[in-house]
Amino acid sequence: MCSANHHHEMVLCPQCDLLVTLPEWVQGTKAICPRCKTTLVTWWKEPKHQPTGYAVSALFMLLMACLFPFISMSVAGISSEITLSQIPQVMFNENYVSVGTFFLLCVQLVPAFCMVAIILLCQSVVISQKIKVWLARMLFQMKSWCMVEIFLAGVLVSFVKLMAYGDIGLGLSFLPYCLFCLLQVRAFQCLDRHWLWNQITLAPKVNIPLQAGRSGLVQGVRLCQCCTAILPADQLVCSRCYTRGHARRRNSLQWTMALIVTALMLYIPANIMPMMVTESLGNQSDSTIMAGVILLWSVGSYPVALVIFIASIMVPSLKMLAIGWLCWDTKGHGKRDSSRMHFIYEVVEFVGRWSMIDVFVIAILSSLVRMGKLMSVYPAMGAVIFALVVILTMFAAMTFDPRLIWDRANVKHSL
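This structure is a prediction, so every number in the text was calculated from the model and none was measured.

### Examining the pairing of strand β4 (residues 39–43)
The element β4 is largely enclosed, with a buried count of four among its five residues. As paired strands, strand β3 (residues 29–32) and β4 are joined by four bridges and run antiparallel to one another. Within β4, the position partnered with isoleucine 32 by the bridge is threonine 39. Here β3 hands over to β4 after six residues, with lysine 37 in that stretch at a positive phi of 65 degrees.

Below, the structure is given as structure tokens:
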């Protein structure tokens, strides 16, 4: 798109609902909301070719990572090795279909689908308009569920635990998978949602006089959260991406609190029940989250113990507390600072997924430590419940509408 098309274009901030006029288009720069500092548009030098190049390279590395052994282990002369595809297979064999399915989707299938979607959309492959719209909708909805980097962090944590049992070796697929992680993250970074939807089809025109620096809700318009189009506030279905929406997410606070209360109820048994079971020379021992942290601390693995404690104990509890505080504050209780509350929301949204590290650690240990009577590790019900807690808190952050944080400030500004 040429600079003239960008110069007087207006966008609504998805986080605070401020209407912003985009500056003149300059390659390699980005437009940031002046109020909440959210990145609105990024103008990459090669908006088509950069994401495509990274996505193609990522898919190639994923293919290489699936062909060879991932990790190997040797204990008392007995060796064991796994490939990426064997990890969910072990979960299925142990009747932990939910954990195996989650691993298969979030670590392999969803990231691969997103990379394919980026290639098809950025290169304007000849496919029907409906398929393009569907691909773009699915791409941005699934982005949060790509947990490749979290799984890789779980692998590194697993090394520390495995080294206490025996000798650890890296397979031929380990390096390609590390590269796949970096490349898919970079592909997402180089893809601008606003630019991509304009390539699919231009945004519909709004026949309402708009004024930059004011809330969209005050001016009678709303943002389509899927394709960034500006629509009349009473238009329920977006004419570009066909997504149904409202000026504010309906019953946002009620859904958020319901999910948080459910997660809190599950969080207690998730910490009490064992996460994994270890069998060694006929003896069986159960391990909870806190027991695992204490064990790592006792053997001198202080950094890893802190990582597990922060990711599995502190982050879920603080996230539930923070989301509850956001809902309470949004209802108008107490003195509120919109900027501070928005910062809390951004932190909550970012760190929530990282609590899944412990689940991935258990998946790796259960798949690799399979040495009969000598030593075997199995997942336990606590892992399933803890995974549900993390998923519910992620959904809670998604259902919470951050624009509600700024609505009272918008009303005061409009008076």
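### What about the UniProt feature "transmembrane region" (unreviewed entry) in the protein chain?
As annotated in UniProt, the feature "transmembrane region" (unreviewed entry) corresponds to residues 54–76, 96–121, 142–162, 168–188, 255–277, 289–315, 343–365 and 377–400 in the numbering used here. Structurally, residues 142–162 comprises 76% helix and 0% strand, and the distance from its first C-alpha atom to its last is 32 Å. Helix makes up 79% of residues 377–400 and strand 12%, whereas the separation of the span's terminal C-alpha atoms amounts to 38 Å.

### Points about the domain arrangement of the protein chain
Considered domain by domain, the protein chain is made up of domain 1 (10–43 + 202–231), domain 2 (55–196) and domain 3 (248–414). Each of domain 1 and domain 3 was reduced to a C-alpha centroid, and the two centroids are 32 Å apart. In this assembly, 14 residues from domain 1 lie in contact with 12 residues from domain 3. At the boundary of domain 1 with domain 3, total buried surface from both sides reaches about 1,100 Å², with 48% on carbon and sulfur atoms. Of all residues in domain 1, Gln15, Arg35 and Gln225 give up the largest surface area on contact with domain 3, accounting jointly for 42% of the area buried on that side.

### Quick notes on the sheet that holds strand β5 (residues 71–75)
Strand order across the open sheet formed by three strands is β6-β5-β7, with antiparallel pairing between neighbours. The open sheet terminates on both sides in strands that have one partner only, identified here as β6 (78–82) and β7 (167–170). Recorded for the sheet is a direction-independent mean angle of 20 degrees between the axes of neighbouring strands. Looking at chain direction, β5 and β6 are connected through five bridges and run antiparallel. Paired with valine 75 across the bridge in β6 is isoleucine 78. Taken strand by strand, helix α6 (residues 148–163) contacts β5 and β7, and its axis lies near 150 degrees from that of β7. Contacts between helix α13 (residues 357–368) and the sheet are confined to β5 and β6, with β6 contributing the most and set at about 130 degrees to the helix.

### Describing a nonpolar patch on the surface
A surface patch of nonpolar side chains, about 690 Å² in accessible area, is lined by Trp297, Tyr302, Leu306, Ile310, Met314, Leu318 and Leu321. Per-element tally for the nonpolar patch: the top contributor is helix α11 (residues 302–330), with six residues. Note that leucine 318 resides in helix α11. With relative accessibility at 45%, the residue leucine 318 sits in the partly exposed group.

### Some details on the nonpolar core
Within the largest apolar cluster, 131 residues are counted, with the highest numbers of intra-cluster contacts made by Leu139, Phe151, Tyr177 and Met356. Broken down by element, the residue count for this core peaks at 14 residues, all from helix α4 (residues 97–122). The contact partners of methionine 356, leaving out residues within four places of it in the chain, are Phe102, Met147, Ile150, Ala387, Val390 and Ile391. Grouped together as the second largest cluster of nonpolar side chains are five residues, Leu12, Leu19, Val221 and Ile230 included.

### Some thoughts on empty space enclosed by the protein
Applying the stated criterion across every chain, the model contains two cavities of 30 Å³ or more. In this structure, the largest cavity spans a volume of roughly 70 Å³. If you go around the largest cavity, the residues you meet are Lys161, Met275, Met276, Ser287, Thr288, Ile289, Gly292, Asp358, Val361 and Ile362. When residues in the lining of the largest cavity are grouped by element, the largest group, three residues, is from α13. Residues that form the lining of the largest cavity fall into these classes: five nonpolar, three polar and two charged.

Cut-off values and rules
Residues numbered from 1 in each chain as written. Predicted model: local features only at pLDDT ≥ 70, side-chain atom pairs only at ≥ 80, totals over all residues. Heavy atoms only, no water. Buried < 20%, exposed > 50% of the residue type's maximum accessible area, 1.4 Å probe, protein only. Helix = DSSP H or I, 4+ residues; strand = E, 2+ residues; numbered from the N terminus. Pairing = 2+ DSSP bridges. UniProt positions renumbered as here; feature names shortened; annotations may be inferred. Domains from an automatic or database assignment. Contact = heavy atoms within 4.5 Å. Buried area = accessible area lost by both parts, 1.4 Å probe. Axes fitted to C-alpha atoms, helices over the stretch in contact; angles between N-to-C directions. Patch = residues over 30% accessible without salt bridge, like charges linked within 9 Å, V, L, I, M, F, W, Y side chains within 5 Å. Areas by Shrake-Rupley, 256 points an atom, 1.4 Å probe, with all protein chains shown as cover. Salt bridge = Lys/Arg side-chain N within 4 Å of Asp/Glu carboxyl O. Core = buried A, V, L, I, M, F, W, Y, C linked by side-chain atoms within 4.5 Å. 1 Å grid on protein atoms, 1.4 Å probe; cavity = no way out; pocket = protein on both sides within 12 Å on 5 of 7 lines; lining within 4 Å. Points joined across faces, edges and corners; volume = space filled by probe spheres on them. Nonpolar A, V, L, I, M, F, W, Y, C, P; charged D, E, K, R; others polar.

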